[in-house]
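# Fold and contact review
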Amino acid sequence: MASLTIRKLDDAIKADLRLRSAKNGRSVEEEVRVILREYLDGRTEPAMRPAAAEAAAPLRERAETTSEGRITLIIGGGIAAYKALDLVRRLKERHLRVRCVLTDAAQQFVTPLAASAVSGERAYTALFDPTSELDAGHIRLARDCELIVVAPATADLMAKMAHGLADDLASAILLAAKGPILLAPAMNPVMWSNAATRRNAEQLKRDGIALVGPNTGEMAEKGERGLGRMAEPLEIVAAAERFMRKTAKPLSGQRVLITAGPTHEPIDPVRYIANRSSGKQGFAIAAAAKAAGADVTLISGPVELEGPIGVTVVFVESARQMLKGVEAALPADIAIFAAAVADWRVAHAGEQKLKKGGGMPPLQLVENPDILARIANLKEKRPCLVIGFAAETEHLIDNATAKLRRKGCDWILANDVSAASGVMGGDRNTIHLLKRNGADISVEDWPLMSKEEVAFELVAEVARTLGKPA
Ligand code: C5P
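### Points about the overall build of the protein chain
Of regular secondary structure, the protein chain possesses 16 helices and 21 strands. Counting over 470 residues, the protein chain shows a buried share of 41%. Considering only contacts within the protein chain whose residues lie at least 6 apart along the sequence, 67% involve residues at least 24 apart.

### Overview of the site of the ligand
Taken together, 14 residues lie near the ligand, and Phe337, Val341, Ile371, Leu372 and Gly388 sit nearest. Examining the composition of the shell around the ligand, we find that 3 residues originate from one element, strand β16 (residues 385–392), more than from any other. Classifying every residue of the shell around the ligand gives 9 nonpolar, 3 polar and 2 charged.

### What to know about the nonpolar core
Ranked by size, the top nonpolar core spans 60 residues in total, and within it Val256, Ile258, Ile285, Ala289, Ile412 and Val459 carry the most contacts. Those residues in contact with Ile285, other than ones at most four positions away along the chain, are Ile258, Ile336, Ala338, Ala455, Leu458 and Val459. Within the second largest apolar cluster, 58 residues are counted, among which are Leu91, Val149, Ala184 and Ala239.

### Focus on the pairing of strand β1 (residues 70–75)
Here β1 lies mainly inside the structure; 5 of its 6 residues are buried. Both β1 and strand β2 (residues 97–102) contribute to a ladder of 6 bridges, which runs parallel. Across the sheet, Ile75 pairs through a bridge with Leu102, a residue of β2. Handedness of the β-α-β unit built from β1, helix α4 (residues 81–93) and β2 comes out right-handed. Bridge count between β1 and strand β3 (residues 147–153): 4 bridges; the pairing is parallel.

### A look at helix α11 (residues 233–241)
Of all 9 residues in α11, 7 are buried; the element is thus mostly enclosed. Among the residues making up α11, those that are buried are Pro233, Ile236, Val237, Ala238, Ala239, Ala240 and Glu241.

### Remarks on the sheet that holds β2
If you trace the 5 strands from one edge of the open sheet to the other, you get β2-β1-β3-β4-β5, paired in parallel fashion. If you trace the sheet from one side to the other, it starts and ends with β2 and β5 (210–211), each paired once. For strand β4 (residues 181–185) and β5, the ladder comprises 2 bridges, and the chain directions are parallel. The partner of Leu183 across the bridge, within β5, is Leu211. On top of the sheet, α4 reaches β1, β2 and β3; it is set at about 175° to β1, its chief contact.

### Quick look at the environment of Pro331
Summarising the element assignment, Pro331 is placed in the loop between α13 (319–329) and β13 (334–337). Here the alpha-carbon distance between Pro331 and Pro383, two residues 52 residues apart in the chain, equals 7.0 Å. Other than its neighbours up to four places away in sequence, Pro331 contacts Arg255 and Lys381.

### Some words on the sheet that holds strand β20 (residues 440–445)
An order of β12-β11-β8-β13-β16-β17-β19-β20 is seen for the 8 strands of this open sheet, with the pairing classed as mixed. Unpaired on one side and paired on the other, β12 (312–315) and β20 mark the two borders of the sheet. Along the sheet, successive strands turn relative to each other by an average axial angle of 15°, direction set aside. Bridge analysis of strand β17 (residues 411–416) against strand β19 (residues 431–437) gives 5 bridges, and the strand direction is antiparallel.

### Quick look at helix α7 (residues 155–163)
Turning to α7, its buried residues are Ala155, Leu157, Met158, Lys160 and Met161. Check the buried side of α7 and you find it contacts β3, α8 (169–176), β4, α9 (189–193) and α10 (195–206). Looking one or two residues beyond α7, the residue adopting positive phi is Gly164, at roughly 70°.

### Some points on the packing of α4 against α11
The geometry of α4 relative to α11 is characterised by a closest axis approach of 9 Å and an angle of 50° between their N-to-C directions. Our classification of the angle between α4 and α11 gives oblique. In terms of crossing hand, the pair formed by α4 and α11 is right-handed. Two secondary-structure elements touch here, α4 through Lys83, Asp86, Leu87, Arg90 and Leu91 and α11 through Pro233, Leu234, Ile236, Val237 and Ala240. Its residues placed into classes, the contact of α4 with α11 shows 7 nonpolar, no polar and 3 charged.

### Overview of unusual backbone geometry
The omega torsion across Gly213 and Pro214 is 5°, close enough to zero to call that bond cis. In this structure, Pro214 sits in the loop between β5 and β6 (215–218). In this chain, Leu330 is followed by Pro331 through a cis amide linkage whose omega measures 5°. Residues other than glycine seldom take positive phi values, yet His395 does so here, at roughly 45°. Relative to the helices and strands, His395 is located in the loop between β16 and α15 (396–407).

### Describing the environment of Ile6
With respect to the element layout, Ile6 can be found in the segment before α1 (11–24). Along the backbone, Ile6 and Val28 are 22 residues apart, and their C-alpha atoms lie at a distance of 8.4 Å.

### Examining the environment of Val149
Looking at where Val149 falls in the secondary structure, it is placed in strand β3. C-beta crowding within 10 Å serves as the criterion here: with 28 such atoms nearby, Val149 is assigned to the buried category.

### Some remarks on the confidence of the model for the protein chain
Chain-level pLDDT for the protein chain is 86 on average; 87% of the residues reach the 70-or-more range. Residue range residues 44–65 is modelled with pLDDT below 50. Its contacts to residues more than four positions away, or to other chains, number 25 contacts.

### Let's talk about the packing of α7 against α10
At a minimum axis separation of 9 Å, α7 and α10 run at an interaxial angle of 55°. One finds that α7 runs oblique with respect to α10. Crossing hand, α7 versus α10: left-handed. When α7 is examined against α10, the residues Ala155, Met158, Ala159, Met161 and Ala162 are found in contact with a partner set consisting of Ala196, Thr197, Asn200, Ala201, Gln203 and Leu204.

Reading the values: rules and limits
- The numbers attached to residues start from 1 for each chain and follow its sequence in the written order.
- Per-residue local features of the predicted model are confined to residues with pLDDT of at least 70, and side-chain atom pairs are confined, for both listing and counting, to 80 or more; whole-chain, interface and lining totals are unaffected and use all residues.
- Strands are runs of DSSP state E lasting at least 2 residues, helices are runs of H or I lasting at least 4, and numbering of each runs from the N terminus.
- Counting other C-beta atoms within 10 Å of a residue's C-beta gives its exposure: the residue is buried at 20 or more, exposed at 12 or fewer, and partly exposed in between, where C-beta atoms are placed from the backbone.
- A pair of residues counts as a contact when their C-beta atoms, built from backbone coordinates, are within 7 Å of each other.
- Each residue gets a C-beta atom placed from its backbone. Should that atom fall within 6 Å of a molecule or strand, the residue is termed near it.
- The residue classification treats Ala, Val, Leu, Ile, Met, Phe, Trp, Tyr, Cys and Pro as nonpolar and Asp, Glu, Lys and Arg as charged. All others, Gly included, are polar.
- Only buried Ala, Val, Leu, Ile, Met, Phe, Trp, Tyr and Cys residues enter a nonpolar core, and they are joined through C-beta atoms within 7 Å.
- Two strands qualify as a pair provided that DSSP identifies no fewer than 2 bridges between them.
- Handedness is read with the strands pointing away from the viewer; a crossover is right-handed when the path from the first strand over the helix to the second is clockwise.
- Only the stretch in contact is used when a helix axis is fitted, and all axes are lines through C-alpha atoms; the angle between N-to-C directions ranges over 0 to 180 degrees.
- Throughout this description, any angle smaller than 35 degrees is read as roughly parallel, any larger than 145 degrees as roughly antiparallel, any in the 65 to 115 degree range as roughly perpendicular, and the remainder as oblique.
- Crossing handedness is read from the near helix: turned anticlockwise from the far helix by less than a right angle, it gives a left-handed crossing, and turned clockwise, a right-handed one.
- A residue's pLDDT is simply how confident the predictor is in it, with values from 0 to 100.

Below, the structure is given as structure tokens:
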């Protein structure tokens, strides 16, 4: 069987091939194989490129647009490399295309095969790749992407970058890059605090390279704890999306936890104490947050509503179950407590149905846990934005102000739920947004809106506060 040497093809065809392969994210050799296969399958006209030079212009344009939504992910050699595969998955969930590059050390922790299986693209390892003649290699990997992410960024990789070394594929890509680079450092805390690493990190920041993390926490080494843990995949995704031009939605990468609906507090197996909450406002917020790209978990009491598409919904009955659901859903970046949680429950709910003949049952009530206050006062795992509602029938702003201070949350959406307002169970709502800034409280009066509009405005305000205008 004859062999084909790409080097010997004429220049116009080579240029055309190079552009096609760049566009499709394949090596030139792979591209030739695809063209041959398509031709043999009858999917392509044989005279596909009659004048390669002419065809090159539109192809070049398209090749340049292929960087859109594409990330080159350099996986460094550290124990956190195993998280890089989850990072790939999270990026792909957001319809981003990821090409993985593994350093030699990274391959001690994850294999190129695993990286390629998760990313759905070839994984790259070698600077001089004899299997892909004419492949622009590190230059293409450096340029044909919107962003280069290095996760984990080891002390060694950071040192190489700070000094402009390029003795392997990863460092050569980083040196050849023209676009933004995001590092997620991960190393032992002593290595992170070492004067050399500090100098290198400062130099890289001066060079315009962005860092996400490291975080404080347990190390892989037994008993070691401190600053050096790689940022969690979703934190890296959120940071990465800030660099992506078109694909980012205002809350993508943010984890939003929402409570909704009433709670049912059992009196016995068939009776319960409830309230008139429909859950509409909380469900609308969940839908709006999802539409804004957030990962949304909705913990709902018993309602007649369907969970919004793409939202993780956990249905509960009582306040105590709702608290458990909320705690299980942490960590979250933003928590919005729209549920009308019963303040009290029956101290000793009957195990069997209470009988009328037994006389009037003494219903002793005890206080339920205040879920909002508990989460707002967490030392660890407190979401960075904790938002509550104040459903009041009188002295709306005064009561809501007192509630904001008492519960320790950041914002309160106060609404009038007196019978005349028609809010409970209705479709519209008039909101007053109270925000706490240290000791000061500001109040913003919103006009009467549908619950969907309230949800949209709230999500937009959250996005603005997090610095990502909707
Ligand atoms: O104290 P009050 O029920 O008026 O507070 C209302 C706010 O607190 C709402 O955001 C509600 O979801 C939340 N809350 C809670 N757990 C409770 C009571 C209220 O999360 N047990």
